[in-house]
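Examination of the molecular architecture
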Amino acid sequence: ESVVNRIAAGEVIQRPVSAVKELVENSLDASSTSISVLVKDGGLKLIQVSDDGHGIRHEDLPILCERHTTSKLSKYEDLQSIKSMGFRGEALASMTYVGHVTVTTITKGQLHGYRVSYRDGVMEHEPKACAAVKGTQIMVENLFYNMIARRKTLQNSADDYTKIVDLLSRFAIHHIDVSFSCRKHGAARADVHSVATASRLDAIRSVYGLLVARNLIKIEASDDDPSSSVFKMDGFISNANYVAKKTTMVLFINDRLVECTALKRALEVVYAATLPKASKPFVYMSIILPPEHVDVNVHPTKREVSLLNQEVIIEKIQTVVESMLRDSNK
Ligand code: ADP
Ligand code: MG
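Residues numbered from 1 in each chain as written. Chains lettered and ligands numbered in written order. Predicted model: local features only at pLDDT ≥ 70, side-chain atom pairs only at ≥ 80, totals over all residues.

What follows covers the nonpolar core. One finds V20 and L168 to be the most contacted residues of the largest nonpolar core, which totals 76 residues. A domain split of this core shows at least three residues from each of domain 1 (2-194) and domain 2 (215-328). Those residues in contact with V20, other than ones at most four positions away along the chain, are V37, G43, I47, V49, I164 and L167. (Core = buried A, V, L, I, M, F, W, Y, C linked by C-beta atoms within 7 Å. Buried ≥ 20, exposed ≤ 12 C-beta atoms within 10 Å, placed from the backbone. Domains from an automatic or database assignment. Contact = placed C-beta atoms within 7 Å.)

Written as structure tokens, this is what we have:
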């Protein structure tokens, strides 16, 4: 059974960056206002995510890393919204099958926190009382220690830290009321360091730099009929002066970081047609749709989504982007 679990877990957690994404999303779900990530050896030696969120209750610790623990999901009424929010209840469990997970956490009003380590879905010992300030710290050590081939491939590629920095950058420009930092173990400086702000443009400037931030156009769109408002979009897109060889597309749908290749391609087409001399675009976009219109489960490990009425939505966004680009280029 343990081999089957390990293989399944290796599908959910494919690389160090997949673990970081799940951990940071959990921290965001816990209403954190500050999230710090520390990475050693591209995440293979250590991934540590610390937050100041609401913490994990002592009585939940024994079941924390069990797969599909239904009690964890009791606060979500219907399966549809669970599915669309990506709640699968298997991220932490998976990490315990392919790495060593240690959780330190304290809930509000407690005098001390608890620390406990997990392996293969179960606690290795009773939670131990320990000093803790606020929130939760989760360490994942020796990721893929029991998957030799995977470890070898990742060691050779060595670009997972870059992927982690890219991921945190994306979170930081969407969740602008949360402070993020991402640091390599032993490094004096953080590679992502964003402080909570009220201005999206300030966040983009601090994460992606002035050259990006000063070449952006604000965009907005919503349903024509406000009474049946099922669609809202807002964001920033690059103008004619922006220079890049590759498209950067930061897409959040219903506050979840996702990929939508069809939308990305459609926007590249608009840029090529409207600003033929311009470079590939930078796009940050946040879209709000009824949860039942979003299908995130095209593939459990990919973040590719498909949308109900996808063509209609993409066309609408294309039209808005095109007219903003034309206006800005007059
Ligand atoms: P899911 O997020 O799909 O429920 P996970 O395995 O990612 O499943 O997390 C399991 C549960 O552990 C979460 O539902 C949450 O209750 C709790 N949890 C995990 N990380 C944190 C955290 N940083 N702060 C508070 N609770 C957490
Ligand atoms: Mg989760």
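The next subject is the site of ligand 1. Neighbouring residues of ligand 1: 19 residues in total, closest N26, A30, A91, L92 and T136. When contributions to the shell around ligand 1 are tallied by element, the ones reaching two or more residues are α2 (16-29) and α4 (91-98). Residues belonging to the shell around ligand 1 are distributed by class as follows: seven nonpolar, seven polar and five charged. (Near = placed C-beta within 6 Å. Helix = DSSP H or I, 4+ residues; strand = E, 2+ residues; numbered from the N terminus. Nonpolar A, V, L, I, M, F, W, Y, C, P; charged D, E, K, R; others polar.)

Strand order across the open sheet formed by five strands is β10-β11-β14-β12-β13, with mixed pairing between neighbours. Here the strands that pair on one side only, and so sit at the sheet edges, are β10 (216-222) and β13 (256-258). Strand-to-strand, the axes of this sheet are offset by a mean angle of 20°, without reference to chain direction. In terms of strand pairing, β10 meets strand β11 (residues 232-238) through seven bridges, oriented antiparallel. (Pairing = 2+ DSSP bridges. Axes fitted to C-alpha atoms, helices over the stretch in contact; angles between N-to-C directions.)

Sheet topology places strand β1 (residues 34-40) next to strand β8 (residues 179-184); six bridges connect them, and they run parallel. What sits directly across from L38, in β8, is R183. Here β1 runs beside strand β2 (residues 46-51); their pairing, made up of six bridges, is antiparallel. Looking across to β2, one finds that S36 is bridged to S50.

What follows covers helix α7 (residues 200-208). Turning to α7, its buried residues number three or more, namely A203, I204, S206 and V207. End-on, the buried residues of α7 take up no more than an arc of 165°, which puts them together on one face. In this fold, the buried residues of α7 make contact with α6 (160-174), β9 (192-194), α8 (210-213), β10, β11 and β14 (282-288). Phi turns positive, to about 95°, at G209, one or two residues after α7. (Arc of directions from axis to C-beta.)

Once that is clear, we can look at the environment of K184. The residue K184 is located in strand β8 in this model. The class of K184 is partly exposed, set by 18 C-beta atoms lying within 10 Å. Residues K184 and D29, 155 residues apart in the sequence, show an inter-C-alpha distance of 24 Å. Here K184 is in contact with V39, Y161 and D191, once residues within four sequence places are set aside.

We now examine the packing of α2 against α6. Where α2 contacts α6, the axes come no closer than 9 Å and their chain directions differ by 25°. Between α2 and α6, the angle is such that the two are roughly parallel. Along this stretch, α2 crosses α6, giving a crossing that reads as right-handed. Here P16, V17, V20, K21 and V24 of α2 come into contact with α6, specifically with D160, K163, I164, L167 and F171. The class makeup of the residues in the contact of α2 with α6 is seven nonpolar, no polar and three charged. (Parallel < 35°, antiparallel > 145°, perpendicular 65-115°, else oblique. Left-handed = near helix turned anticlockwise from the far one by under 90°.)

What follows deals with α2. Compared with the 20 Å implied by 1.5 Å per residue over 14 residues, the 20 Å span of α2 between its first and last C-alpha is a close match. For α2, a buried count of ten out of 14 residues is recorded, marking the element as mostly surrounded by other parts of the structure. Buried residues of α2: P16, V17, S18, A19, V20, K21, E22, L23, V24 and S27, and no others. Immediately downstream of α2, the backbone of S31 shows phi near 60°, a positive value. (Expected span 1.5 Å × (residues − 1).)

For strand β7 (residues 135-141), the buried fraction is high: five of the seven residues fall into the buried class. In this structure, β2 lies alongside β7, joined through five bridges in antiparallel fashion. Bridge pairing in β7 places I47 opposite V140. Across seven bridges, the pairing between strand β3 (residues 100-106) and β7 is antiparallel. Counted as the bridge partner of V101 is V140 from β7.

The phi dihedral of N142 falls on the positive side, at around 55°, and the residue is not glycine. Structurally, N142 is set in the loop between β7 and α5 (148-157). One non-glycine residue, N309, lies in positive phi territory at about 55°. Within the fold, N309 resides in the loop between β16 (306-307) and α10 (310-328). Judged by the 13 C-beta atoms lying within 10 Å of it, N309 is partly exposed.

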